[in-house]
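Fold and geometry: a report
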Amino acid sequence: MPAYKRILIKLSGEALMGDDQFGINRATMVRMVREVHEVTQMGCEVAVVIGGGNIFRGVAGGSVGMDRATADYMGMLATVMNSLALADTMRQEGMTARVMSAIAIEQVVEPYVRPKALQYLEEGKVVVFAAGTGNPFFTTDTAAALRGAEIGAEIVLKATKVDGVYTADPKKDPTATRYTNISFDEAITKNLQVMDATAFALCRDQKLPIKVFSIFKSGALKRVVLGEDEGTLVHV
């Protein structure tokens, strides 16, 4: 039995690159989608917020000296591209996904409407939230915290390249150890940058726990959903 009925997964755009320099690595995308499919088959309702770093970082040279708001809107459009790719891969894997964008692009994706998103989740569809919050100066981490709170998710799952939150950077410090769980206040005191400050504060205020785990570790998502010791749980 899953430990959570409704979850929100925050995927970074970089996670879709696999070993490539930028763009979307097809095999990586398919593997991630299969992991998500596995938890939906267990009866878990899944929403996804995806970043755009794999596309926009690919042209980041062009953003030097650019107005921050303009650069952020470009990043939001990159997340729409990723969301479409993700939803299409889900379709090919026999799942039903709906992309909802915070920026109106009706010919491409439907706009984000909260009651409709809740309806899709109840119907067992995967909802992919695109275009961040729709506002510049906010990251997709903040979009994940916001949408997670709005849809009544029980937990935000931050899928990264590392398998949890460590006492120090495990790549630089071989003695670094992984926290099994840690409180929001402890994470702030120890300056463990789990998410950006706005997203982290929103999760703390809404008493919405965060689980940091590695999406590259086979079966990790399923173990998280089953409530097993995988990754790091950040809680009130």
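Before reading further, recall that the structure is shown in the block above.
Here the structure is a predicted model, which is why all the values come from computation and not from measurement.

The rules we used
- Residues numbered from 1 in each chain as written.
- Predicted model: local features only at pLDDT ≥ 70, side-chain atom pairs only at ≥ 80, totals over all residues.
- Heavy atoms only, no water.
- Helix = DSSP H or I, 4+ residues; strand = E, 2+ residues; numbered from the N terminus.
- Buried < 20%, exposed > 50% of the residue type's maximum accessible area, 1.4 Å probe, protein only.
- Contact = heavy atoms within 4.5 Å.
- Arc of directions from axis to C-beta.
- Polar contact = N/O pair within 3.5 Å; in protein donor to acceptor, adjacent residues only side chain to side chain.
- Core = buried A, V, L, I, M, F, W, Y, C linked by side-chain atoms within 4.5 Å.
- Pairing = 2+ DSSP bridges.
- Axes fitted to C-alpha atoms, helices over the stretch in contact; angles between N-to-C directions.

**Describing the environment of Val 30**
Locating Val 30 in the fold gives a position in helix α1 (residues 26-41). Among the residues examined, Val 30 registers a relative accessible area of 12% and is labelled buried. As a C-alpha pair, Val 30 and Thr 89 span 59 residues in sequence and 6.5 Å in three-dimensional space. Excluding its chain neighbours within four sequence positions, the residues that come into contact with Val 30 are Thr 89 and Glu 93.

**Thoughts on helix α7 (residues 197-205)**
Considered for burial, the residues of α7 that qualify are Ala 199, Phe 200 and Cys 203. The buried residues of α7 occupy one face: seen down the axis, they fall within an arc of 95°. In this structure, α7 carries Ala 197 and Asp 205 as exposed residues pointing more than 90 degrees from its buried face. Those residues of α7 hidden inside the fold are in contact with α5 (140-150), β6 (155-160), α6 (184-189), β8 (210-214) and β9 (232-235). For α7, the N-terminal capping position is held by Asp 196, with its side-chain oxygen 3.0 Å away from the main-chain nitrogen of Thr 198. The positive-phi residue at the C-terminal boundary of α7 is Lys 207, with phi of around 50°.

**A closer look at the nonpolar core**
The biggest cluster of nonpolar side chains holds 37 residues, and the ones touching the most others in it are Ile 7, Ile 9, Leu 11 and Leu 157. Elements supplying a minimum of two residues to this core: β1 (6-11), α1, β2 (45-50), α3 (68-92), β3 (97-101), β5 (126-130), β6 and α8 (220-225). Setting aside residues up to four positions removed in sequence, Ile 9 forms contacts with Val 36, Val 46, Ala 47, Val 48, Val 49, Leu 157, Ala 159 and Leu 221. Formed by 32 residues, the second largest nonpolar core is a distinct cluster that contains Ala 117, Ile 182, Ala 199 and Cys 203.

**Brief notes about unusual backbone geometry**
Look at Ala 131: it is not a glycine, yet its phi comes out positive at around 65°. Along the polypeptide, Ala 131 turns up in the loop between β5 and α5. The backbone phi angle of Asn 191 is positive, close to 55°, even though this residue is not glycine. Looking at where Asn 191 falls in the secondary structure, it is placed in the loop between α6 and α7.

**As for the sheet that holds β5**
Taken in spatial order, the 9 strands line up as β4-β3-β5-β2-β1-β6-β8-β9-β7 in an open sheet, and their pairing is mixed. Looking at the sheet topology across the chains shown, the edges are occupied by β4 (110-111) and β7 (181-183). Pairing geometry for β8 and β9, over 3 bridges, is antiparallel. Within β9, the position partnered with Ile 210 by the bridge is Val 234. Relative to β1, α5 is tilted by about 175°, and along the sheet it contacts β1, β2, β5 and β6.

Honestly, that's just the spatial picture; any functional story needs more than this.
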